[in-house]
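Each chain, written out:
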Amino acid sequence: MASPSSPITIKNPRFFVSSHNIFKTQAQTLILTTKCKTSSIICSSSCTSTSSSTTHEKLPKKQTHVLDDKREEKEEEEEEEEVGLRDIWREVQGCNNWEGLLDPMNNHLRREIIRYGEFAQACYDSFDFDPHSKYCGSCKYHPSDFFSNLDLHLHKGYTITRYLYATSNINLPNFFQKSKLSSIWSQHANWMGYVAVATDEEEVSRLGRRDIVIAWRGTVTYLEWIYDLKDILCSANFGDDPLIKIELGFHDLYTKKEVSCKFSSFSAREQVLAEVKRLLEYYCTGEEGHEISITVTGHSLGASLALVSAYDIAELNLNYLPENNNKVPITVFSFSGPRVGNLRFKERCDELGVKVLRVVNVHDKVPSVPGIFANEKFHFQKYVEEKTSFPWSYAHVGVELALDHKKSPFLKQTRDLGCAHNLEALLHLVDGYHGKEEAETMFCSATNRDIALVNKSCDFLRSEYHVPPCWRQDENKGMVKSSDGRWVLPDRPQLEPHWPEDIAHHLQKVLGKVNDYDFKPTVT
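Rules behind the numbers
Residues numbered from 1 in each chain as written. Predicted model: local features only at pLDDT ≥ 70, side-chain atom pairs only at ≥ 80, totals over all residues. Heavy atoms only, no water. UniProt positions renumbered as here; feature names shortened; annotations may be inferred. Helix = DSSP H or I, 4+ residues; strand = E, 2+ residues; numbered from the N terminus. Contact = heavy atoms within 4.5 Å. Areas by Shrake-Rupley, 256 points an atom, 1.4 Å probe, with all protein chains shown as cover. 1 Å grid on protein atoms, 1.4 Å probe; cavity = no way out; pocket = protein on both sides within 12 Å on 5 of 7 lines; lining within 4 Å. Points joined across faces, edges and corners; volume = space filled by probe spheres on them. Buried < 20%, exposed > 50% of the residue type's maximum accessible area, 1.4 Å probe, protein only. Pairing = 2+ DSSP bridges. Patch = residues over 30% accessible without salt bridge, like charges linked within 9 Å, V, L, I, M, F, W, Y side chains within 5 Å. Salt bridge = Lys/Arg side-chain N within 4 Å of Asp/Glu carboxyl O. pLDDT = per-residue confidence, 0-100.

The protein chain has the name Phospholipase A1-Igamma3, chloroplastic-like in an unreviewed UniProt entry, where Camelina sativa is given as its organism. Here the protein chain is described in UniProt, under the heading Subcellular location (unreviewed entry), as follows: "Plastid, Chloroplast".

Below is the structure:
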């Protein structure tokens with residue numbers, strides 16, 4: 001049986017060649033207690049010297065008593081919280097539609113939202129969008145050291161098993177990036193994200209299951225791609241119901257291919273379906289006995305692809321494991337995503353049990369499109385779709401977690417729409433959100449997340465915190481000094497293209513048939 005790292009050559013494959021008996025661990029209880037000072041403004045000590053005592057001096061006496069009462073209640077709840085994530089992971093993944101976990105915000109859920117948001121953010125931080133780079137449109141890092149290069153230590157329990165690519169030859173010009181130079185990288189493909197699986201013994205034990213993550217990249221230009229959308233619905237054609245429709249641009253991005261390119265000779269859809277099938281086959285036949293989950297995440301346009309791919313997996317019944325007559329739960333953590341399909345698409349996702357948590361900023365414009373005139377808020381939407389075949393009817397899927405950046409004392413008022421759409425800013429809001437009632441009186445960091453991350457790719461923090469805007473960049477733009485004292489742009493490790501035989505083999509099992517491919521190496 002092939003190991004799960006076979007599609008991509010990695011530098012240190014020890015996670016895959018070792019026996020899976022190492023994953024047999026004793027049950028452990030994870031105790032997460034967050035001692036959080038309650039006040040109207042709570043900051044990291046590295047960013048501000050504001051204390052709860054000085055804040056109390058500025059508050060009316062009545063409000064001070066209210067905050068004191070809330071602090072006592074929170075401390076009592078924290079002392080009682082001894083349930084590990086492994087014990088409630090199904091609830092955190094949405095088996096009950098997050099009932100009772102959002103208001104007030106459950107600490108396990110908060111940390112998982114942020115963690116999956118960081119999986120999506122990693123797609124931005126690792127993507128080469130510099131048009132002057134000969135590698136523009138590709139990923140900067142090799143899969144074997146992807147998370148370590150991004151300093152994501154909490155994600156090292158996962159191993160990337162496949163990179164995902166999409167053809168750039170579709171009508172979304174503001175989404176794709178191409179080099180202005182004679183390119184070593186493909187002119188027909190863009191790196192779109194990755195598939196990863198929890199392989200570390202301790203991480204699998206902490207999670208309570210083996211987690212397969214699919215992370216999709218959004219657009220580095222944030223809002224420009226919105227203007228490319230035509231708001232045209234087309235039949236998804238992933239199942240038997242022609243009335244299930246999704247936006248044409250999302251459909252093309254997910255299903256189109258370029259047979260002359262070795263990275264996009266298979267569509268993004270074919271790549272992700274084949275890899276999920278391969279991983280499920282590999283792990284469901286193992287002896288370690290771990291349950292499995294599929295978690296899909298993305299921001300902006302990436303959130304659209306996350307929902308489309310989650311629906312596709314469920315519609316094809318790919319998550320069904322006949323060995324134990326069980327279905328692997330599918331969860332989408334969507335960040336600032338637009339509407340994707342019509343009302344019938346939404347209904348079908350619900351029927352299939354696809355759980356979706358949509359995290360949005362109420363001041364962000366992207367989640368309000370497409371479907372400005374007919375959407376889930378329109379009382380007669382179902383009648384309009386069924387009786388008139390209205391072509392611009394869209395509906396959001398899942399449960400919404402609506403956050404307001406004006407509640408954060410760290411963020412400045414701005415008319416820049418990109419700030420309201422920024423993923424790091426959204427994760428900052430998740431960190432400080434405790435519930436609808438408490439949102440009116442306090443913003444309290446629960447995980448001590450560094451507020452400097454907000455300005456990684458925007459200018460949103462208040463000036464008194466002295467964090468420069470758009471501060472994240474490669475040192476010297478990737479240039480290094482060679483042994484002879486000259487500055488050069490070093491060659492990157494060569495990324496492995498897809499193995500056509502491998503993808504075709506698993507697609508045959510998923511779709512029942514595969515298009516004929518020339519398995520000889522192709523030149524980009």
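## With respect to the overall build of the protein chain
A tally of regular secondary structure across the protein chain gives 15 helices and 13 strands. Contacts in the protein chain between residues far apart in sequence, at least 24 positions, make up 74% of those at least 6 positions apart. Accessible surface, the protein chain as shown: approximately 23800 Å² in total, 50% of it carbon and sulfur.

## Things to note about empty space enclosed by the protein
Following the criterion strictly, the structure yields four cavities of 30 Å³ or more and no others. Considering only enclosed or pocket space, the largest cavity measures out at about 80 Å³ in volume. For the largest cavity, the lining is made up of 14 residues, of which Leu307, Ser334, Pro338, Val340 and Arg358 are closest to its centre. Counting only elements with at least two residues in the lining of the largest cavity, the list comes to helix H10 (301-315), strand E9 (330-335) and strand E10 (355-361).

## With respect to the pairing of strand E3 (residues 210-216)
In terms of residue burial, E3 counts as a mostly covered element, since seven of its seven residues are buried. Residues Arg210, Ile212, Ile214 and Trp216 line one face of E3 and the alternating positions Asp211, Val213 and Ala215 line the opposite face, and both faces are buried. In this sheet, E3 lies alongside strand E2 (residues 189-198) in antiparallel orientation, the contact comprising five bridges. Counterpart to Tyr194 in the pairing with E3 is Ala215. Relative to strand E6 (residues 292-299), E3 is paired through seven bridges, and the arrangement is parallel. If you follow Trp216 over to E6, its bridge partner there is Gly298.

## Notes on the side chain of Asp125
Structurally, the position occupied by Asp125 is in helix H5 (residues 107-125). For Asp125, a relative accessible area of 12% translates into the label buried.

## Section: a nonpolar patch on the surface
Taken together, Phe378, Phe380 and Tyr383 make up a surface patch of nonpolar side chains, about 340 Å² in accessible area. Among the secondary structure elements, Phe378 is positioned in the loop between E10 and helix H12 (381-388).

## Quick notes on the confidence of the model for the protein chain
A residue-level look at the protein chain finds 76% of positions with pLDDT of 70 or above and a mean pLDDT of 81. Across residues 5-67 the pLDDT falls below 50, and counting only partners more than four positions away or on other chains, this stretch makes 118 contacts in the model. Between residues 516-524, whose pLDDT stays under 50, and residues either more than four places distant or in other chains, the model counts 18 contacts.

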